[in-house]
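# Chains, contacts and geometry: an overview
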Amino acid sequence: MELPVLKIDGSESGKKVVLDEKVFGIEPNDHAIYLDVVQYLANQRQGTAKTKDRSEIAHSTKKLGRQKGGGGARHGSLKANIFVGGGRVFGPKPRLYRTKLNKKQKALARFSALSYKAQENAIVFVEPFAMDAPKTKEFLNIIKAVKAGDRKVLFVLPENSTNIYLSSRNLPEVNVITVNELNTYAIMNANSMVIMDGVQDVLSERANR
């Protein structure tokens, strides 16, 4: 599969990119994508939610009333969960939600997601460019010029560019990441991808190791 490399004004540069079949042309594995997305989202969780049980509540331990003859239920402490200000039963405790996934399965998931985007014709290649200063309007014009769409655009760079990242930071529908940060969730969450020329070489190198 060949795709043209566009200039930032939307015109063709004359260069074409041949997509590696091992990266953009495999049979997508939906289960691998599912496992990788679940792992990614689980790893974002802090796991710091915490409530106090009755042993941690600061209340008097004096018995509220006599055991029998009071006309109501027996109670031994205001720390019981049925009282306002009492402890919570089976409340959350700090825990780790992190899970592990082997490298080959993660790679399969990532290449499956890229193959889906290639099948949907949702990938645009642009020639390398730099920005002298953070300019959100200028960056937005580039996105519009290459016709990447106006909903959830994933912009992939071969290496970090502070000015490009800062230019996109105020655009909620645009996510700028480097090829080293590329993950299955980001790919599947995007409606279209803009890939800077050179990224495909890094992905092909990883696929052919």
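To be clear, the structure that these remarks concern was listed above.
Notes on the structure follow. Quick caveat, the model's predicted, so the values are computed rather than measured. Here the residue numbering is sequential within each chain, running from 1 through the sequence in written order. For a predicted model such as this one, the threshold for reporting local features is a pLDDT of at least 70, and the threshold for listing and counting side-chain atom pairs is 80 or more; totals across whole chains, interfaces and linings nevertheless cover every residue. Based on all heavy atoms of the structure, the side-chain values leave hydrogens and waters out of the count.

### Details of the nonpolar core
Joining through side-chain atoms within 4.5 Å is the link that ties buried Ala, Val, Leu, Ile, Met, Phe, Trp, Tyr and Cys residues into a set, and such a set is a nonpolar core. Buried, partly exposed and exposed residues are distinguished by accessible area as a fraction of the type maximum, computed with a 1.4 Å probe on protein chains only: under 20%, between the cut-offs, and over 50%, respectively. Ranked by internal contacts, the top residues of the largest apolar core, which has 26 residues, are F24, L114, L154, L182 and M193. Strands here are runs of E lasting at least two residues and helices are runs of H or I lasting at least four, both read from the DSSP assignment and numbered beginning at the N terminus. Looking at this core, the elements with two or more residues in it are β1 (2-6), α1 (21-24), α3 (103-119), β3 (123-126), β4 (153-157), α6 (184-189), β6 (192-196) and α7 (199-207). Considering every element that reaches this core, the biggest residue donor is α3, with five residues. Each residue touching L182, except ones within four places of it in the same chain, is listed here: R110, L114, L154, V156, I177, I187, M193 and L203. Membership of the second largest hydrophobic core comes to 19 residues, among which are F129, M131, I143 and V153. Contact criterion: two residues are considered in contact whenever any of their non-hydrogen atoms come within 4.5 Å of each other.

### A look at the pairing of β1
Across four bridges, β1 lies against strand β2 (residues 12-18) in antiparallel orientation. When the sheet's bridge partners are listed, L3 is paired in β2 with V17. DSSP bridges decide pairing: two strands pair if at least two such bridges lie between them. In sequence, β1 turns back onto β2 through a hairpin of five residues, with G10 there showing a positive phi of about 95 degrees. One ladder, built from two bridges, connects β1 with β3; its direction is parallel. Note on β3: the bridge partner recorded for V5 is F125.

### Focus: the packing of helix α2 (residues 30-43) against α3
Interaxial angle, 0 to 180 degrees, is taken between N-to-C directions of lines fitted to C-alpha atoms, where a helix line uses only the stretch in contact. α3 packs onto α2 with a crossing angle of 110 degrees between their chain directions and a minimal axis gap of 8 Å. Accordingly, the angle class assigned to the pair α2 and α3 is roughly perpendicular. Two packed elements cross with a definite hand, and for α2 against α3 that hand is left-handed. Taken together, the residues of α3 that come into contact with α2 (itself represented by D30, A32, I33, L35, D36 and Q39) are Q105, K106, L108, A109, S112, A113 and Y116. Under the scheme applied here, ten amino acids are nonpolar (Ala, Val, Leu, Ile, Met, Phe, Trp, Tyr, Cys and Pro), four are charged (Asp, Glu, Lys and Arg), and all others, including Gly, are polar. In terms of residue class, the contact of α2 with α3 is made up of seven nonpolar, three polar and three charged. Note that the term roughly parallel is reserved for angles under 35 degrees, roughly antiparallel for angles over 145, roughly perpendicular for angles of 65 to 115, and oblique for everything else. Left-handed describes a crossing whose near helix is turned anticlockwise from the far helix by less than a right angle; the clockwise case is right-handed.

### Here we look at the pattern of salt bridges
Working definition: two side chains of opposite charge can pair if their charged atoms are close together. A pairing counts as a salt bridge when a side-chain nitrogen of Lys or Arg comes within 4 Å of a carboxyl oxygen of Asp or Glu. Within this structure, the stated rule accounts for five salt bridges. In this structure, the salt-bridge partner of K93 is D53, at a minimum N-O distance of 3.6 Å. Within this pair, whereas K93 is found in the loop between α2 and α3, its partner D53 is found in the loop between α2 and α3, the two being separated by 40 residues in sequence. Exposure remark for K93: the relative accessible area of 38% places this residue in the partly exposed category.

### Details of the side chain of N183
Inspection of the secondary structure assignment puts N183 in the loop between β5 (174-178) and α6. Taking relative accessible area as the criterion, N183 reaches 17% and is therefore assigned buried. Of the polar contacts made by the side chain of N183, one reaches the backbone oxygen of E181; its length is 3.1 Å. Each residue touching N183, except ones within four places of it in the same chain, is listed here: Y40 and R110. As used in this structure description, the phrase polar contact means that two N or O atoms lie within 3.5 Å; if the pair is within protein, one of them must be able to donate a hydrogen and the other to accept it, and residues adjacent in sequence are counted only when both atoms belong to side chains.

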